[in-house]
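Chain by chain, the residues:
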Amino acid sequence: MPISIDQILPSLAAFGMLAYWSIGLAAALESFILIGLFLPGTLVVDAAGFLVQRGFLDFSALVRFVAIGSIVG
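All figures in this text were calculated on a predicted structure; none of them were measured in a lab.

K.L.:
Got a sec to walk through the overall build of the protein? Specific residues and values, please.
P.N.:
Looking only at helices and strands, one finds 5 helices and 0 strands in the protein. The order of helices and strands in the protein, counted from the N terminus, is α-α-α-α-α. Looking at the 73 residues of the protein, the share that counts as buried comes to 25%. Taking the intrachain contacts of the protein between residues at least 6 apart in sequence as the baseline, contacts between residues at least 24 apart amount to 60%. For the protein, the exposed area adds up to about 5,100 Å²; of that, 74% sits on carbon and sulfur atoms.

Here you go:
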């Protein structure tokens, strides 16, 4: 039985504030050579944008965490 996106998204929303921290960390770690190859932060931020569009994450909080993560990285 294949897993659909509608089954995964509610479990991701259960992370709460940890989801924002993880996305910000992915944006920061993208600048490192080896980590950027294995974990492209752009894809993580794009996936987070999909979660914002579905209403699971807050847009303004996501923008703040991604901006801070990008500046730190």
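Let us keep going from here.
K.L.:
Lay out the nonpolar core in plain terms, naming residues and giving numbers.
P.N.:
Of all hydrophobic cores here, the largest spans 12 residues; its members are A19, Y20, I23, A27, A48, L51, V52, L57, A61, L62, F65 and V66. At the level of secondary structure, the elements contributing two or more residues to this core comprise α2 (17-29), α4 (41-54) and α5 (59-72).

K.L.:
I'd like a rundown of the confidence of the model for the protein, residues and numbers included.
P.N.:
Should the pLDDT be low somewhere, the predicted coordinates at that spot are not to be read in detail. Taken over all residues, the pLDDT of the protein has a mean of 79, while the share at 70 or more is 79%. When pLDDT is averaged over each helix and strand of the protein, the minimum, 63, is found for helix α1 (residues 5-13) and the maximum, 90, for α5.

K.L.:
Can you tell me about α5, naming the residues and giving the values?
P.N.:
With 14 residues, α5 should reach 20 Å at 1.5 Å per residue; the first-to-last C-alpha distance of 20 Å fits that figure. Buried within α5 we find A61, L62, F65, V66 and G69. Seen from one end, α5 has its buried residues packed into an arc of 125°, which puts them on one side. For α5, the exposed residues lying more than 90 degrees away from the buried face are F59, I68 and I71. As for α5, its buried residues are in contact with α2 and α4.

K.L.:
Pulling in residues and values, what's your account of α2?
P.N.:
One turn of the α-helix equals 3.6 residues, which is why residues spaced by three or four share an orientation. When the terminal C-alpha atoms of α2 are compared, their 18 Å separation across 13 residues agrees well with the 18 Å that a helix rising 1.5 Å per residue should span. Considered for burial, the residues of α2 that qualify are A19, Y20, I23, G24, A26, A27 and A28. Where the residues of α2 are buried, they touch α4 and α5.

K.L.:
Mind laying out the packing of aromatic side chains, listing which residues take part and the relevant values?
P.N.:
Using the criterion set out here, one finds 2 aromatic pairs in the structure. Here Y20 and F65 contribute two aromatic rings whose centre-to-centre distance is 5.7 Å and whose plane-to-plane angle is 25°, an arrangement assigned as stacked. Of this pair, Y20 sits in helix α2 while F65 sits in helix α5, placing them 45 residues apart in sequence. Considering the side-chain rings of W21 and F65, the 5.1 Å spacing of their centres and the 75° angle between planes classify their relative orientation as edge-to-face. Separated by 44 residues along the polypeptide, W21 in helix α2 and F65 in helix α5 bring together distant segments of the chain.

About the thresholds
- Residues numbered from 1 in each chain as written.
- Predicted model: local features only at pLDDT ≥ 70, side-chain atom pairs only at ≥ 80, totals over all residues.
- Heavy atoms only, no water.
- Helix = DSSP H or I, 4+ residues; strand = E, 2+ residues; numbered from the N terminus.
- Buried < 20%, exposed > 50% of the residue type's maximum accessible area, 1.4 Å probe, protein only.
- Contact = heavy atoms within 4.5 Å.
- Areas by Shrake-Rupley, 256 points an atom, 1.4 Å probe, with all protein chains shown as cover.
- Core = buried A, V, L, I, M, F, W, Y, C linked by side-chain atoms within 4.5 Å.
- pLDDT = per-residue confidence, 0-100.
- Expected span 1.5 Å × (residues − 1).
- Arc of directions from axis to C-beta.
- Phe/Tyr/Trp six-rings, centres within 6.5 Å; stacked < 30°, edge-to-face > 60°.

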